[in-house]
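The residues making up each chain are set out below.
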Amino acid sequence: MTIEKIVNNNLCTGCGVCVSEDKIGNSSMRWNEDGFLIPTVTSNSDLAKMEKVCPFSLKNEYNEDYLAKKFIDNYQYIDDDIGVYTSLHAGYSLEYRNSSSSGGVATYVFEKLLSSNYVEHLFIVKEINGRYGYQLFSSVDKIKEISKTRYYPVTLESLFSEIEKIEGRVAVSGVACFIKAIRLKQNIYPELIDKIPFLIGIICGGLKSKFYTDFLAQSAGCSSEYDSPEYRVKNAKSYASDYQFSCKEKGNNRIHVVEMQRLGDMWGTGLFKSNACDFCDDVTTELADISLGDAWIKPYNQEGLGNSIVIARSQLAADIISQGINSGDLKFDVLDVDRIKASQQGSFNHRHKGLLYRINNAKKNNREFPKRRKRFLVKQNMIFNLVQKERLITREKSISVWRETKDITSFNERFKPYIMSLYQKTTINHKYLRIKEKLKKAIGINK
Ligand SMILES: Cc1cc2nc3c(=O)[nH]c(=O)nc-3n(C[C@H](O)[C@H](O)[C@H](O)COP(=O)(O)OP(=O)(O)OC[C@H]3O[C@@H](n4cnc5c(N)ncnc54)[C@H](O)[C@@H]3O)c2cc1C
Ligand code: SF4
Ligand code: SF4
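- As annotated in an unreviewed UniProt entry, the protein chain carries the name Coenzyme F420 hydrogenase and comes from Serratia inhibens.

In structure tokens:
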């Protein structure tokens with residue numbers, strides 16, 4: 001399996017780390033026709049070296065279990081689904097919640113890492129010319145500029161060349177596959193363990209094509225060029241999932257806004273998602289020092305300003321959190337592992353329970369797929385698998401139909417039959433689960 005095969009089978013999420021291994025061929029990242037970033041590979045490219053750092057390498061020599069044990073310092077517990085950890089919480093940062101996407105904990109932890117001089121720089125996602133990309137950042141005073149979730153393809157392409165040029169240590173934020181690529185790089189170059197001593201993991205439900213942002217902008221009524229898309233405009237008076245998307249029309253600086261709930265389910269449907277994400281079994285970003293996500297459980301999801309779930313894995317991460325709680329900076333509750341899992345239940349259902357179906361489907365269609373951890377490959381019932389089949393279709397069609405139409409009215413018209421078919425199967429599955437639950441109760445089975 002070479003990088004070319006990974007890319008050609010749509011198994012690339014654009015992390016860009018392979019590019020840093022291609023010293024001869026000078027690969028770089030470019031946009032493909034589906035709105036994702038992928039590496040260009042030349043005939044001189046060092047393919048074997050590039051594949052060694054790819055989180056989707058078919059060989060998958062080092063899986064998340066191995067890498068977590070090697071790289072996460074002094075963790076206390078292990079769980080099959082969420083990985084190694086030391087403490088589990090839900091809550092928010094008093095200072096950064098309002099200006100952040102969830103509870104502002106990512107901004108809080110980055111601020112602590114900088115102000116304590118544990119690192120001198122951050123490599124984070126921030127605005128560049130009206131869109132978003134990774135960049136170096138070192139200013140504690142302007143820390144709020146780094147906040148907010150960006151559902152937009154970004155790449156770590158320049159991380160390793162940039163940090164070579166600077167003095168000091170660097171903390172990086174990233175979704176699970178990006179963090180895995182950094183760990184694979186540290187596995188080969190141990191000097192990078194000290195250079196990048198802390199990783200903030202963003203819990204990730206899937207990489208969206210840049211078409212997603214165009215779809216949202218047009219849904220908000222902006223049909224010409226725009227910039228500064230904001231994906232999570234909160235409503236303090238409502239509940240957490242009631243947020244808006246906004247963007248600024250370039251010609252007249254008009255702000256366009258759309259209520260996300262009006263657009264329906266953007267995640268469970270696989271809309272505009274990368275094919276690679278359907279082969280990702282790391283739901284909670286297991287290789288980061290700390291993993292942060294939305295607290296999609298009661299009572300936290302009732303608060304429009306948002307709450308984070310926080311999995312502190314390394315001892316340092318757990319210390320930052322407990323100091324924040326003691327100083328009153330963080331308003332946190334302790335959670336147990338089941339509540340953490342419940343907050344990401346939809347993602348676990350899709351990513352773990354649906355994985356075997358998708359792997360078998362790839363085999364049947366002679367498509368390549370990366371090796372995944374055996375414990376997640378569990379047979380499911382026929383109705384559940386039918387939903388997985390429909391999701392594969394909606395994911396793929398959302399991208400191909402947008403590629404062809406690039407217009408919200410035509411897109412909605414052509415996409416409707418696929419989404420209706422998925423909703424039908426999902427409703428049948430929910431009915432089936434309810435009947436199963438009732439039957440279990442009736443005959444006295446609790447599990
Ligand atoms: C593509 C994507 C999918 C997600 N899916 C889920 C999900 O299914 N379930 C869930 O609970 N949470 C998900 N999240 C995480 C959630 O949206 C918040 O980012 C997270 O809870 C941190 O919130 P915060 O308020 O602590 O962060 P903030 O304090 O607002 O800081 C955000 C931090 O995230 C970094 N960042 C922003 N965008 C990206 C990006 N694209 N890649 C890497 N770093 C980035 C910024 O640099 C910043 O440091 C997703 C995030 C992304 C980017
Ligand atoms: S996932 Fe990352 S390492 Fe793998 S091919 Fe894509 S850019 Fe390269
Ligand atoms: S779902 Fe997994 S593979 Fe997809 S972007 Fe998120 S972490 Fe990467």
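## Some details on the pattern of salt bridges
Here is step 1: Across all of its chains, the model carries 27 salt bridges by this definition.
Here is step 2: A salt bridge links Glu 64 to Lys 180, with the shortest nitrogen-to-oxygen separation between them at 3.4 Å. With Glu 64 in helix α3 (residues 64-71) and Lys 180 in helix α6 (residues 176-188), the pair connects residues that are 116 residues apart, well separated along the chain. A single burial state applies to Glu 64 and to Lys 180, both of which are buried.
Here is step 3: With a shortest N-O distance of 3.5 Å, Arg 183 and Asp 289 are connected by a salt bridge. One end of the pair, Arg 183, is in helix α6; the other, Asp 289, is in the loop between β12 (255-259) and β13 (290-294), and 106 residues separate them in sequence. In this pair, the class of Arg 183 matches that of Asp 289, namely buried.
Here is step 4: Because the salt bridges share partners, they merge into one network encompassing Glu 64, Asp 65, Asp 80, Lys 180, Asp 281, Glu 286, Arg 373 and Arg 375.

## What about the site of ligand 2?
Here is step 1: Neighbouring ligand 2 are the residues Ile 3, Cys 12, Thr 13, Gly 14, Cys 15, Gly 16, Cys 18, Met 29, Pro 39, Cys 54, Pro 55 and Phe 56.
Here is step 2: With respect to the pocket detection grid, ligand 2 is positioned in the largest cavity.

## Focus on the layout of surface pockets
A water-sized probe, rolled over the atoms, reveals where empty space remains.
Here is step 1: Each pocket or cavity is described by its volume, and for the second largest pocket that value is around 570 Å³.
Here is step 2: Each residue belonging to the lining of the second largest pocket can be placed in one class, and the counts come to 9 nonpolar, 9 polar and 10 charged.

## A few points about the sheet that holds β12
Here is step 1: The strand order across the open sheet formed by 3 strands is β10-β11-β12, and the pairing between neighbours is antiparallel. Because the sheet does not close on itself, it has two edges, and the strands there are β10 (226-233) and β12. The sheet shows a mean angle of 15° between the axes of neighbouring strands, taken without regard to direction.
Here is step 2: Of the strand pairs in this sheet, strand β11 (residues 244-249) and β12 are connected by 5 bridges, and their pairing is antiparallel. Residue pairing for β12: Lys 248 is matched across the bridge by Ile 255.

## Brief notes about the domain arrangement of the protein chain
Here is step 1: The assigned domain composition of the protein chain is domain 1 (3-208 + 275-347), domain 2 (210-263) and domain 3 (373-442).
Here is step 2: Taking only C-alpha atoms, the centre of domain 1 and the centre of domain 2 are 25 Å apart.
Here is step 3: Regarding the contact of domain 1 and domain 2, the summed buried area is about 2000 Å², with carbon and sulfur atoms giving 54% of it.
Here is step 4: By the criterion of area lost to domain 2, the three top residues of domain 1 are Arg 131, Tyr 151 and Gly 304, representing 28% of everything that side buries.
Here is step 5: Our enumeration of links across domain 1 and domain 2 arrives at 3 salt bridges.

The rules we used
- Residues numbered from 1 in each chain as written.
- Chains lettered and ligands numbered in written order.
- Predicted model: local features only at pLDDT ≥ 70, side-chain atom pairs only at ≥ 80, totals over all residues.
- Heavy atoms only, no water.
- Salt bridge = Lys/Arg side-chain N within 4 Å of Asp/Glu carboxyl O.
- Helix = DSSP H or I, 4+ residues; strand = E, 2+ residues; numbered from the N terminus.
- Buried < 20%, exposed > 50% of the residue type's maximum accessible area, 1.4 Å probe, protein only.
- Near = heavy atom within 4 Å.
- 1 Å grid on protein atoms, 1.4 Å probe; cavity = no way out; pocket = protein on both sides within 12 Å on 5 of 7 lines; lining within 4 Å.
- Sits in = over half its atoms within 2 Å of the grid points.
- Points joined across faces, edges and corners; volume = space filled by probe spheres on them.
- Nonpolar A, V, L, I, M, F, W, Y, C, P; charged D, E, K, R; others polar.
- Pairing = 2+ DSSP bridges.
- Axes fitted to C-alpha atoms, helices over the stretch in contact; angles between N-to-C directions.
- Domains from an automatic or database assignment.
- Buried area = accessible area lost by both parts, 1.4 Å probe.

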